[in-house]
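Remarks on the overall topology
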Amino acid sequence: MTNTDFSLSIEDLTVSFDGFKAVDDLTLYIDKNELHVVIGPNGAGKTTVLDLICGKTKSTSGSIKFLNQELTSLSEHEIVRKGVGRKFQTPSIYENLSVFENLEVSYPEGRGVFGSLVFKRSAKVMAKIHEVAQQIMLEDEIETEAALLSHGQKQWLEIGMLLIQDPQLLMLDEPVAGMSVKEREQTAELLNKISQGRSVLVIEHDMEFVERIAHRVTVLHQGKILASGKMDEVQKDPKVIEVYLGH
Ligand code: ADP
């Protein structure tokens, strides 16, 4: 496999803030169908990597290619249109709208609350909304106002709002923070399913959950990669034990 076969190819990526390198010469490849988890202590640069991929932060140097297209020169909006979706830790759902309406306004052609008022529901859109609601385990709550959902269900709804846009790369920041044990289990299954056919990049601190979901893991430390590979290999790495897992 050559580097161009990967869905996401990050090469020699660096960003400096007033001379401080938050991400330092990072090279990372993520395949299609891969669920890749980035771990590392606070301040390691995990969030900054996601910010760089989605265009929220601009790199100082290096390249980010997604499906062979360079992203570093594109705006956040253009990067979304290239098929990159990102979920932040706090869900940004419309609390006063139902699950159905939240999914509807997120559908690419009907995006925006005002858009939805004039948006004609085609059979195709209806089918997609129901398909996604089922996928995120909210089919039985489809008419429920989002405010009434549990914390975990709100997180799933936001994942659904991204899935309805069919992203080819989905990035999630601590997707199970604050969830019950059962919701974690269900989220693991959900992530496993949604990584089929696309790439998923997750930041996570909960090591049990990482073990459960990760196809490959990258450990960041001070903006650099300390180790990258399968979880069982990474866990045995003495450098990783010293700076992270041994704590
Ligand atoms: P992590 O997500 O691993 O906890 P971050 O990516 O949030 O780490 O931050 C990495 C480092 O970069 C931290 O020291 C943080 O203070 C710094 N940093 C991140 N964004 C900025 C910014 N916009 N300006 C200055 N420093 C920043």
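Summary of the structure given here. (Residues numbered from 1 in each chain as written. Predicted model: local features only at pLDDT ≥ 70, side-chain atom pairs only at ≥ 80, totals over all residues. Heavy atoms only, no water.)

Some words on the sheet that holds strand β8 (residues 199-203)
Backbone-to-backbone hydrogen bonds join strands into a sheet, with any given pair of strands oriented parallel or antiparallel. Heads up, the rule is: Strands were regarded as paired on the criterion that DSSP finds at least two bridges between them. Helix numbers and strand numbers start at the N terminus; a helix is a DSSP run of H or I with at least 4 residues, a strand a run of E with at least 2. A fitted line through C-alpha atoms represents every axis, and for helices the fit uses only the stretch in contact; the resulting angles, taken between N-to-C directions, go from 0 to 180 degrees.
Spatially, β6-β7-β8-β3-β9-β10 is the arrangement adopted by the 6 strands of the open sheet, whose pairing is mixed. Taken across any chain shown, the strands that pair with only one partner, and hence form the sheet edges, are β6 (84-87) and β10 (224-229). Averaged over neighbouring strand pairs, the angle between their axes works out to 15° when direction is ignored. Direction of pairing for strand β9 (residues 216-221) relative to β10: antiparallel, over a ladder of 5 bridges. Paired with V217 across the bridge in β10 is G229.

Description of the packing of helix α3 (residues 99-106) against helix α5 (residues 123-135)
Helix packing geometry: the angle between the two helix axes and the distance between the axes. Let me state the cut-off plainly: Any angle between 65 and 115 degrees counts as roughly perpendicular, while under 35 counts as roughly parallel, over 145 as roughly antiparallel, and the rest as oblique. Take the far helix as your reference; a near helix turned counterclockwise from it by less than a right angle gives a left-handed crossing, and one turned clockwise gives a right-handed crossing. Residue contacts follow a heavy-atom distance rule, with two residues in contact if any of their heavy atoms lie within 4.5 Å. Under the scheme applied here, ten amino acids are nonpolar (Ala, Val, Leu, Ile, Met, Phe, Trp, Tyr, Cys and Pro), four are charged (Asp, Glu, Lys and Arg), and all others, including Gly, are polar.
Packing of α3 against α5 brings their axes to within 10 Å, and their N-to-C directions diverge by 120°. With respect to each other, α3 and α5 are oriented oblique. The element α3 and its partner α5 pack so that their crossing is right-handed. Facing F100, L103 and E104 of α3, the residues of α5 in contact are M126, I129, H130, V132 and A133. For the contact of α3 with α5, a count of residues per class yields 6 nonpolar, 1 polar and 1 charged.

Things to note about the site of the ligand
Test applied: Distances are taken per atom, and a residue is near a molecule or strand as soon as one of its heavy atoms is within 4 Å of it. Two N or O atoms form a polar contact when they lie within 3.5 Å of each other; inside protein one atom must be a possible hydrogen donor and the other a possible acceptor, and for residues adjacent in sequence the pair counts only when both atoms belong to side chains. The accessible surface values rely on the Shrake-Rupley method and a 1.4 Å probe; as for residues, cover is taken only from the protein chains in view.
Neighbouring the ligand are F17, F20, A22, P41, N42, G43, A44, G45, K46, T47 and T48. The backbone of A44 places a nitrogen or oxygen atom 3.1 Å from an oxygen atom of the ligand. Considering the ligand on its own, with 560 Å² of exposed area, one finds that the protein chains cover 57% of that surface. For the shell around the ligand, the secondary-structure elements that each account for two or more residues are β2 (20-30) and α1 (46-53). With 3 residues, α1 is the single largest residue contributor to the shell around the ligand. Residues belonging to the shell around the ligand are distributed by class as follows: 5 nonpolar, 5 polar and 1 charged.

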